[in-house]
Amino acid sequence: MEIDNKRRHSEDEPKQEAAKKVKSQEPKYAYLETVVREKLDFDSEKICCITLSPLNVYCCLVCGRFYQGRHEKSPAFIHSINENHHVFLNLTTLKFYILPQNIQILHDDKVQLLNGIKYALYPTYRVKDLQNFPRQCFDLSNRVYLNGFIGFTNTAVYDYAHSVLLIISHMIPLRDHFLLNDFDDQDEFIKRLSICIKKIWSPKLFKHYLSVDDFVTYLKVKEGLSLSVVNPRFLLLWLLNKICSSSKQLKSILNQYCKGKVRIIGNKRETEGSGTVTSKVNVKPFWVLTLDLPEFSPFKDGNTVDNLPQVNITQLLTKFTNVRTSSVDTVFEIVQLPQFLIFHFNRFDRSSEHPVKNRNQTIVEFSSELEVLHAKYRLKANVVHMVIKSSSTDSNDSNRNEKSHWVTQLYNDKIKKWIEIDGINTTEKEAELLFLNETFIQVWEKQE
Ligand SMILES: [Zn+2]
């Protein structure tokens, strides 16, 4: 069956009106009227709901379920007859079919409805699209959102991954490479990561938020990401290394924009004899610089929520910028500053039995600009740690279930505003309020 595009209806028209018009003028559209975009969710695992196979899977565009095959007796074929649902999309080839007749819908690119569905599954971009990003967009329920600054579902389980994916998709050279290229012939990891980033920047989302549950599950089950990872720093480092080992092109982009170098000088004073100092010098590359916070005692010194110790970021940076030549300790010296300078604030003691409860709650003060060794940087992203108290069955140890919760704050260059992303919610935030939280990861961009 070939769908004639001359009479295709506009998505903007009220549905019933459009349906009536189409029905009366062009009988071939009858099946397309039954498509319900609101039911479609292409973020979930693409497996047949009957056979659980990931091969040759079709989405029923009427109910949104995934079924395998289109030949006689296949789950999709049987579903089309049993439920009277007839329009299907092959999730790999992006071709549309009418079942059970098994007829491909040709020239689907000329049908706005089908184009929009294809875009939801696999967004594509041209260079000129990126120039006015981020921009105000509307989802199917007419809710406004800013592409690139979107929320995510299932925060309780995957909020650390949301933060990391937002950070990665906001480093512009990296983002542009992901948006403008097709990764079909690359390995599965890069392909899936690229689709995540393409969806984060989609101006045509059906819903104003995404789910990355399937992607993270894939990383854990197929790519060896440790099941115990719930920390954005660990996932960020893991992803950056994984990207480098999976794609030469992306590796060179990361090396060019994100890799810094630090010289580590280990000084050792001879205990006997002349007392001379011997030094061992190593230059090491880094993606993320760890800044140590001053010692913190949660139950001493009268620390309360209203009276937490504070430290300025420039003070923390002296570890890397103020080289003390006379020191006998290990000395760190930044020798190459990257375009994107990423800091990690060391809050958790991994040896602690209750790392969340016993974390270092020191507040870090910073403004949106920073000078590091005469280079000017601007803050682009700030991942903050919060605590959720989950209900405990053991009333004697209610603190035991304190759980980390990650919130991401991103700078919108275009309107010079900060946007906070917490679960599916996005809100504007005053720059002055950013440092009131327990900052955990920051991304700074070097200015011209
Ligand atoms: Zn169906």
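Provided above is the structure to which this section pertains.
Right, let's walk through the structure included here.

About the cut-offs
Residues numbered from 1 in each chain as written. Predicted model: local features only at pLDDT ≥ 70, side-chain atom pairs only at ≥ 80, totals over all residues. Heavy atoms only, no water. Pairing = 2+ DSSP bridges. Helix = DSSP H or I, 4+ residues; strand = E, 2+ residues; numbered from the N terminus. Axes fitted to C-alpha atoms, helices over the stretch in contact; angles between N-to-C directions. Parallel < 35°, antiparallel > 145°, perpendicular 65-115°, else oblique. Left-handed = near helix turned anticlockwise from the far one by under 90°. Contact = heavy atoms within 4.5 Å. Buried < 20%, exposed > 50% of the residue type's maximum accessible area, 1.4 Å probe, protein only. Salt bridge = Lys/Arg side-chain N within 4 Å of Asp/Glu carboxyl O. Donors = N, O, S within 2.8 Å, 3.2 Å for Na, K, Ca; no water. Tetrahedral: all angles 85-135°; square planar, octahedral: opposite > 155°, others 65-115°. Arc of directions from axis to C-beta.

## Here we look at the sheet that holds strand 4 (residues 96-98)
For step 1, the next point in the chain: Read from one edge of the open sheet, 5 strands run 2-1-3-4-5, paired in antiparallel fashion. Either end of the sheet is taken by a strand with one partner, and the two such strands are strand 2 (66-68) and strand 5 (103-104).
For step 2, the next point in the chain: Two elements, strand 1 (residues 57-60) and strand 2, share 3 bridges in a ladder whose sense is antiparallel. Opposite cysteine 59, over in strand 2, you have phenylalanine 66 as the bridge partner.

## Side note on the packing of helix 5 (residues 155-169) against helix 9 (residues 232-246)
For step 1, the next point in the chain: Two numbers describe how helix 5 lies on helix 9: the axes approach to 9 Å, and their chain directions differ by 50 degrees. The angle between the axes of helix 5 and helix 9 places the two elements in the oblique class. Once helix 5 is placed against helix 9, the crossing between them reads as right-handed. Mapping the contact onto sequence places Tyr160, Ala161, Val164, Leu165, Ile167 and Ile168 in helix 5 and Pro232, Leu235, Leu236, Leu239 and Ile243 in helix 9.

## Some remarks on the environment of tyrosine 218
For step 1, the next point in the chain: With respect to the helices and strands, the residue tyrosine 218 is situated in helix 8 (residues 213-222).
For step 2, the next point in the chain: Assessed through its relative accessible area of 8%, tyrosine 218 is described here as buried.
For step 3, the next point in the chain: C-alpha separation for the pair tyrosine 218 and glutamate 45, spaced 173 residues apart in sequence, amounts to 9.1 Å.
For step 4, the next point in the chain: Excluding its chain neighbours within four sequence positions, the residues that come into contact with tyrosine 218 are Glu188, Phe189, Arg192 and Glu223.

## Section: the pattern of salt bridges
For step 1, the next point in the chain: Under the definition given, this model contains 17 salt bridges.
For step 2, the next point in the chain: Aspartate 108 is the salt-bridge partner of lysine 118, the closest N and O atoms lying 2.7 Å from each other. Within this pair, whereas lysine 118 is found in helix 3 (residues 112-121), its partner aspartate 108 is found in the loop between strand 5 and helix 3, the two being separated by 10 residues in sequence. Each member of the pair, lysine 118 as well as aspartate 108, is classed as buried.
For step 3, the next point in the chain: Each of Glu188, Lys191, Arg192 and Asp214 takes part in salt bridges that share partners, so that together they form one network.

## Observations regarding the pairing of strand 22 (residues 438-446)
For step 1, the next point in the chain: By the criterion of burial, strand 22 is predominantly enclosed, with 8 of the 9 residues buried.
For step 2, the next point in the chain: Here strand 15 (residues 340-346) runs beside strand 22; their pairing, made up of 5 bridges, is antiparallel. Looking at strand 22, one finds that leucine 341 is bridged to tryptophan 444.
For step 3, the next point in the chain: Across 8 bridges, strand 18 (residues 375-389) lies against strand 22 in antiparallel orientation. Paired with valine 384 across the bridge in strand 22 is threonine 439.

## Details of the coordination of the zinc ion
For step 1, the next point in the chain: For the zinc ion, the full set of protein donor atoms is Cys60 (SG), Cys63 (SG), His79 (NE2) and His85 (ND1), at a range of 2.0 to 2.2 Å.
For step 2, the next point in the chain: The site at the zinc ion holds 4 donor atoms, and with the angles between them running 100 to 116 degrees, its shape is tetrahedral.
For step 3, the next point in the chain: Donor residues for the zinc ion, ordered by position in the chain, follow C-x2-C-x15-H-x5-H. You can see cysteine 60 sitting in strand 1 and its partner histidine 85 sitting in the loop between helix 2 (75-83) and strand 3 (87-90), a full 25 residues away along the chain. Taken individually, cysteine 60 and histidine 85 each receive the classification buried, so the pair is uniform in this respect.

## Digging into helix 2
For step 1, the next point in the chain: Where helix 2 is concerned, the buried positions are Pro75, Ala76, Phe77, His79 and Ser80.
For step 2, the next point in the chain: Asparagine 84 lies just past helix 2 and shows a positive phi near 60 degrees.

## Quick word on helix 10 (residues 248-257)
For step 1, the next point in the chain: Looking at helix 10, one finds that the buried residues are Leu250, Ile253 and Leu254. Buried residues along helix 10 cover an arc of 95 degrees about the axis, so they all sit on one side. In helix 10, the exposed positions angled more than 90 degrees off the buried face are occupied by Lys248 and Gln256.
For step 2, the next point in the chain: Check the buried side of helix 10 and you find it contacts helix 6 (172-180), helix 7 (188-200) and helix 9.

## So, the side chain of histidine 162
For step 1, the next point in the chain: Position of histidine 162 among the secondary structure elements: in helix 5.
For step 2, the next point in the chain: If sequence neighbours within four positions are ignored, histidine 162 has contacts with Phe152, Thr153, Asn154, Thr155 and Val212.

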